[in-house]
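Report on the structure
Here are the chains, one letter per residue:
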Protein chains: 2
Amino acid sequence: MDDLLALDNQICFSLYAVNRAVTSRYRSLLAELDLTYPQYLVMLVLWERARSDQPTRVSDLGARLRLDSGTLTPLLKRLAQRGLISRVRSLVDERVVTISLTEEGVDLRELAIQVPQKLLCGLDVAPERLLALRNELKAVLKAMEIQGEKVPNG
Amino acid sequence: MDDLLALDNQICFSLYAVNRAVTSRYRSLLAELDLTYPQYLVMLVLWERARSDQPTRVSDLGARLRLDSGTLTPLLKRLAQRGLISRVRSLVDERVVTISLTEEGVDLRELAIQVPQKLLCGLDVAPERLLALRNELKAVLKAMEIQGEKVPNG
DNA sequence: CACATTTACATCGTGCACAATGTAACTAGA
DNA sequence: TCTAGTTACATTGTGCACGATGTAAATGTG
């Protein structure tokens, strides 16, 4: 065997290391917006959905980001405390909490737009290489999620 | 603009999502070994180094896994408590803590060997595709780290 | 040798992730 | 309408990550 257990042979470690390295780059850029990386992802979803005028529920964010309420509830409370979003319990169904952007939250988008650009500039990797990597990742994620649906109790 | 801020266009989100999906697969496999995923990575390094009879210091693990003592110290304490490793302060340099595998830690390798195999079997993605992804990730990581060394205060 | 600096970990605080559990609100069936 | 079941979110506890700081040991300098 050419060592299945060798760290360098484990795709998991490459994923883990690259993810942390990329997140680290984002961290310093996002510090200027006073956002953490997961908070930034939540804001991305909210900015995206703001166009379609559909109210966003906590479960919508969870479905998009693959996060549960255990992660989202405290995160959203912090975003609300910073005045970027509001959390309102629905009147038609009191189980549901509706998330909407405040004016400040909407405005933050202008600053956030610069983040991906700055990140790409600071990244000494060919853009087409990143694009290829992203497409590979998306394909793998899709495969894993379809598979997960096929065997719900596996 | 074709929306730089769209979630699906952000490589960071693909990385984040795939990393968590893969980690999740590992989690259930590693539960049988009573290991978390980062603990498993530490054990991989220790098994690797056990061959060369070099003593492993906390900073060696940190360099390999890109983790600092704030993460490693409590993690290593937990591994020690489970009897897989021993933590001994060096006699020649009392700042250094030397990590070594216990007999139980060495033996666990036999069980751990099955983990990557089981993971690959349970993953409905072509192996050569994973290999390509891994190589892409390694290349990106390398590029980012070389770059990081070039600009230490950037 | 005295003293500043560096090194190697340890500690602390914050914020995720996630499993497990709790709870109130809605829904469906008899 | 009573009740069993489901849904949507909240809470709790554990374990990372990581920045910031602390501390003792080693090293370097005059």
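Remember, predicted model here, so these are calculated numbers, not experimental data.

**Looking at the protein's contact with DNA strand C**
Not every one of the 28 residues close to DNA strand C is listed here, only the nearest: Tyr 16, Arg 20, Ser 69, Thr 73 and Lys 77 of chain B. Protein-proximal atoms of DNA strand C, defined as those within 4 Å of the protein, fall in sugar or phosphate at a share of 76%. One nitrogen or oxygen atom from the main chain of Glu 94 of chain A is found 2.8 Å from a phosphate oxygen belonging to DNA strand C. Tyr 16 of chain B places a side-chain nitrogen or oxygen 2.6 Å from a phosphate oxygen of DNA strand C. Sorting the residues of the surface near DNA strand C by element identifies helix H2 (37-50) and helix H4 (69-81) of chain A together with helix H1 (11-31), helix H3 (58-65), helix H4 (69-81) and strand E2 (85-89) of chain B as the ones contributing at least two each. When its residues are assigned to classes, the surface near DNA strand C shows seven nonpolar, eight polar and 13 charged.

**As for a negative patch on the surface**
Among the surface-exposed residues, Glu 103, Glu 104, Asp 107 and Glu 110 of chain A lie close enough to one another that they form a single negatively charged patch. Looking at the secondary structure, you find Glu 104 of chain A in helix H5 (residues 103-112).

**With respect to the environment of Leu 133 of chain B**
Mapped onto the fold, Leu 133 of chain B is located in helix H7 (residues 127-150). Filtering out sequence-adjacent residues up to four positions away, Leu 133 of chain B remains in contact with Ile 11, Leu 133, Glu 136, Leu 137 and Val 140 of chain A.

**Here we look at the protein's contact with DNA strand D**
Near DNA strand D there are 28 residues, and of these Tyr 16, Arg 20, Thr 73, Lys 77 and Arg 87 of chain A occur at the shortest range. Here DNA strand D approaches the protein such that, of its atoms within 4 Å, sugar and phosphate make up 77%. In this structure, Arg 95 of chain A approaches DNA strand D through a side-chain N or O atom, which is 3.1 Å from a base oxygen. Elements represented by at least two residues in the surface near DNA strand D include exactly helix H1 (11-31), helix H3 (58-65), H4 and strand E2 (85-89) of chain A together with helix H2 (37-50) and H4 of chain B.

**Overview of the pattern of salt bridges**
On inspection of all chains with the given rule, the structure shows 14 salt bridges over all chains. Close ionic contact of Glu 136 of chain A with Arg 129 of chain B constitutes a salt bridge, the shortest N to O distance being 3.4 Å. Here Glu 136 of chain A is found in helix H7 (residues 127-150), whereas its partner Arg 129 of chain B is found in helix H7 on a different chain. Residues Asp 34 of chain B and Arg 82 of chain B are paired through a salt bridge, measuring 3.6 Å at the closest nitrogen-oxygen approach. With a gap of 48 residues between them, Asp 34 of chain B in the loop between H1 and H2 and Arg 82 of chain B in the loop between H4 and E2 connect regions that are remote in the sequence. Residue Asp 34 of chain B is classed as partly exposed on the basis of its relative accessible area of 47%.

**Concerning the relation of the copies chain B and chain A**
Think of it as a corkscrew move, a rotation about one axis and a shift along it, taking one chain copy to the other. Superposing chain B onto chain A takes a rotation of 180 degrees combined with a translation of 0.0 Å along the rotation axis, leaving an RMSD of 0.0 Å. As the rotation angle and translation indicate, the two copies are arranged about a two-fold axis. Of the residues that chain B buries at the interface, 100% are likewise interface residues in chain A, meaning the two copies contact each other through the same surface.

**Re the UniProt feature "domain: HTH marR-type" (unreviewed entry) in chain A**
Summarizing the sequence annotation, UniProt attributes the feature "domain: HTH marR-type" (unreviewed entry) to residues 8-142 of chain A in the numbering used throughout. Here residues 8-142 of chain A runs as 67% helix and 9% strand, with 25 Å between its end C-alpha atoms.

**Side note on helix H6 (residues 114-121) of chain A**
Residues and elements named next belong to chain A. All buried positions along H6 are accounted for by Val 115, Pro 116 and Leu 119. Taken down its axis, H6 places every buried residue within 95 degrees of arc, on the same side. Contacts from the buried residues of H6 go to H1, H2 and H5.

**Regarding the sheet that holds strand E3 (residues 97-101) of chain B**
In sheet architecture, strand pairing relies on hydrogen bonds along the backbone and comes in two forms, parallel and antiparallel. Residue and element names in this part refer to chain B. One open sheet holds the three strands; their spatial order is E1-E3-E2, and the pairing between them is antiparallel. Taken across any chain shown, the strands that pair with only one partner, and hence form the sheet edges, are strand E1 (56-57) and E2. Inspection of the sheet shows E1 paired to E3 by two bridges, in the antiparallel sense. From the neighbouring strand, Arg 57 faces E3, where its bridge partner is Thr 98. Each of E1, E2 and E3 touches H2; the most contacted strand, E3, lies at about 80 degrees to it.

**Things to note about H3 of chain A**
If you check which residues of H3 of chain A are buried, you get Val 58, Leu 61, Gly 62 and Leu 65 of chain A. For H3 of chain A, the angular spread of buried residues about the axis comes to 100 degrees, placing them on one side. Residues of H3 of chain A that are buried in the fold lie against H2, strand E1 (56-57), H4 and strand E3 (97-101) of chain A together with H1 of chain B. Of the residues trailing H3 of chain A, Arg 66 of chain A is marked for its positive phi of about 60 degrees.

Scoring rules and cut-offs
Residues numbered from 1 in each chain as written. Chains lettered and ligands numbered in written order. Predicted model: local features only at pLDDT ≥ 70, side-chain atom pairs only at ≥ 80, totals over all residues. Heavy atoms only, no water. Near = heavy atom within 4 Å. Polar contact = N/O pair within 3.5 Å; in protein donor to acceptor, adjacent residues only side chain to side chain. Helix = DSSP H or I, 4+ residues; strand = E, 2+ residues; numbered from the N terminus. Nonpolar A, V, L, I, M, F, W, Y, C, P; charged D, E, K, R; others polar. Patch = residues over 30% accessible without salt bridge, like charges linked within 9 Å, V, L, I, M, F, W, Y side chains within 5 Å. Areas by Shrake-Rupley, 256 points an atom, 1.4 Å probe, with all protein chains shown as cover. Salt bridge = Lys/Arg side-chain N within 4 Å of Asp/Glu carboxyl O. Lys, Arg positive; Asp, Glu negative; His and termini not counted. Charge placed at Lys NZ, Arg CZ, Asp CG, Glu CD. Contact = heavy atoms within 4.5 Å. Buried < 20%, exposed > 50% of the residue type's maximum accessible area, 1.4 Å probe, protein only. Least-squares fit on C-alpha atoms with pLDDT ≥ 70 in both. UniProt positions renumbered as here; feature names shortened; annotations may be inferred. Arc of directions from axis to C-beta. Pairing = 2+ DSSP bridges. Axes fitted to C-alpha atoms, helices over the stretch in contact; angles between N-to-C directions.

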